[in-house]
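Chain residues, written in single-letter form:
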Amino acid sequence: MGKGDRRTRRGKIYAGSFGKTRPKAGHKAAPVAKRAAAPAAKAAGGNEEVLLVEDEQRVREFAVQGLREFGYRVVSADGPAKALNLLQTGAINPAILVTDVVMPDMNGGELAEAVLRMRPELPVLFVSGYTDDIAAQHGIMRESASFLEKPFSTANMARKIRDLIDAKRARH
């Protein structure tokens with residue numbers, strides 16, 4: 001397996017590079033220095049509420065766990081109907097909507113339109129296994145939309161979320 005591969009173990013998705021690196025027989029492996037947390041990774045975090053809409057359970061759990069590690073308060077929904085219900089009832093007050101593009105019943109673009117009618121200032125991040133230009137060509141989302149392609153690292157997702165929230169604040 002190579003860079004960007006995903007493996008599943010005990011119901012969790014692990015993304016990243018997987019390879020075999022064993023020392024030759026009779027040789028000791030060099031000690032690995034502990035690395036300090038990267039400043040960029042710390043800067044990606046926050047404490048805002050994120051509404052995450054993803055119909056694929058393993059991807060949703062992976063994203064929720066990862067974003068929580070970056071300090072975000074994540075409310076997840078397994079589909080657009082649940083997300084819209086949470087917003088309509090006032091049960092949540094998210095700083096951003098993160099939505100899968102391709103879902104049953106309603107795609108991410110349609111969900112974003114419905115959410116933006118209620119909360120026009122809310123930033124939206126689209127996530128998909130399709131490239132952004134393919135999704136835009138099929139009318140699922142606008143070409144100018146913020147987009148993160150699957151597979152993704154939670155660090156990249158957190159960075160995109162941080163950038164979108166900060167850009168919204170800078171406009172207001």
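Residues numbered from 1 in each chain as written. Predicted model: local features only at pLDDT ≥ 70, side-chain atom pairs only at ≥ 80, totals over all residues. Heavy atoms only, no water.

1. Overview of the overall build of the chain
Along the backbone of the chain there are 6 helices and 7 strands. From first element to last, N terminus to C terminus, the chain shows the α and β order β-β-α-β-α-β-α-β-α-β-α-β-α. Element-wise, carbon and sulfur atoms account for 50% of the exposed surface of the chain, whose accessible area totals about 10,700 Å². (Helix = DSSP H or I, 4+ residues; strand = E, 2+ residues; numbered from the N terminus. Areas by Shrake-Rupley, 256 points an atom, 1.4 Å probe, with all protein chains shown as cover.)

2. Some details on the pattern of salt bridges
Tallied over the entire structure, the rule returns 7 salt bridges. Two residues, glutamate 54 and lysine 150, come together in a salt bridge whose shortest N-O distance is 3.0 Å. A residue pair is termed long-range when its members are at least 10 positions apart, and glutamate 54 in the loop between strand 3 (49-53) and helix 2 (57-69) and lysine 150 in the loop between strand 7 (146-149) and helix 6 (154-171) qualify at 96 residues. Lysine 150 carries the same exposure label as glutamate 54, and that label is buried. Between aspartate 163 and arginine 159 there is a salt bridge, with its nearest N and O atoms 3.1 Å apart. (Salt bridge = Lys/Arg side-chain N within 4 Å of Asp/Glu carboxyl O. Buried < 20%, exposed > 50% of the residue type's maximum accessible area, 1.4 Å probe, protein only.)

3. Examining the confidence of the model for the chain
Close inspection of predicted coordinates is inappropriate in any region flagged by low pLDDT. Per-residue pLDDT for the chain averages 80, and the proportion of residues at 70 or more is 70%. Across residues 1-42 the pLDDT falls below 50, and counting only partners more than four positions away or on other chains, this stretch makes 42 contacts in the model. (pLDDT = per-residue confidence, 0-100. Contact = heavy atoms within 4.5 Å.)

4. Some remarks on helix 4 (residues 108-118)
Among all positions of helix 4, only Gly108, Gly109, Leu111, Ala112, Ala114 and Val115 are buried. Check the buried side of helix 4 and you find it contacts strand 3, helix 3 (80-88), strand 5 (96-100) and strand 6 (124-128). Two or three places before glycine 109, at the start of helix 4, stands the capping residue asparagine 107, its side-chain oxygen 2.8 Å from that residue's backbone nitrogen. (Polar contact = N/O pair within 3.5 Å; in protein donor to acceptor, adjacent residues only side chain to side chain.)

5. Re the packing of aromatic side chains
What the rule picks out here adds up to 1 aromatic pair. Judged by centre distance (5.9 Å) and plane angle (45 degrees), the rings of phenylalanine 62 and phenylalanine 152 are tilted. On the criterion of sequence distance, the pair formed by phenylalanine 62 in helix 2 and phenylalanine 152 in the loop between strand 7 and helix 6 is long-range, its members being 90 residues apart. In terms of burial, phenylalanine 62 and phenylalanine 152 fall into one category: buried. (Phe/Tyr/Trp six-rings, centres within 6.5 Å; stacked < 30°, edge-to-face > 60°.)

6. Focus on the nonpolar core
Counting residues in each nonpolar core, the largest one holds 23 residues, and the members touching the most others are Tyr72, Val98, Met157 and Ile161. Of all the secondary-structure elements, those providing two or more residues to this core are strand 3, helix 2, strand 5, strand 6 and helix 6. Aside from chain neighbours lying at most four places away, what touches methionine 157 is Ala63, Leu67, Val98, Val127, Leu148 and Phe152. Membership of the second largest hydrophobic core comes to 20 residues, among which are Leu86, Leu97, Ala114 and Ala145. (Core = buried A, V, L, I, M, F, W, Y, C linked by side-chain atoms within 4.5 Å.)

7. Some details on the sheet that holds strand 5
The strand order 4-3-5-6-7 describes an open sheet built from 5 strands, whose pairing is parallel. Strands with a single pairing partner mark the edges of an open sheet, and in this sheet they are strand 4 (73-77) and strand 7. In this sheet, neighbouring strand axes are inclined to one another by 20 degrees on average, regardless of whether the strands run parallel or antiparallel. Strand direction decides the pairing type here: strand 5 and strand 6, joined by 4 bridges, are parallel. Bridge assignment links leucine 97 to a residue of strand 6, and that residue is valine 124. Against the sheet, helix 2 engages strand 3 and strand 4, with an angle of about 170 degrees to strand 4. Sitting on the sheet, helix 4 is in contact with strand 3, strand 5 and strand 6, with an inclination near 160 degrees to strand 5. (Pairing = 2+ DSSP bridges. Axes fitted to C-alpha atoms, helices over the stretch in contact; angles between N-to-C directions.)

8. Quick notes on the side chain of lysine 150
Judged by relative accessible area, lysine 150 falls into the buried class, the value being 14%. Separated by 3.0 Å, the side chains of lysine 150 and glutamate 54 make a polar contact. Apart from the residues within four sequence positions on either side, lysine 150 is in contact with Glu54, Val59, Asp100, Val127, Ser128 and Gly129.

9. Side note on the environment of glutamate 49
Here glutamate 49 shows up in strand 3. With relative accessibility at 13%, the residue glutamate 49 sits in the buried group. Those residues in contact with glutamate 49 that sit more than four places away from it in its chain are Arg73, Val75, Ile92, Asn93, Pro94, Ala95 and Ile96. There is a polar contact of 2.6 Å between the side chain of glutamate 49 and the backbone nitrogen of asparagine 93.

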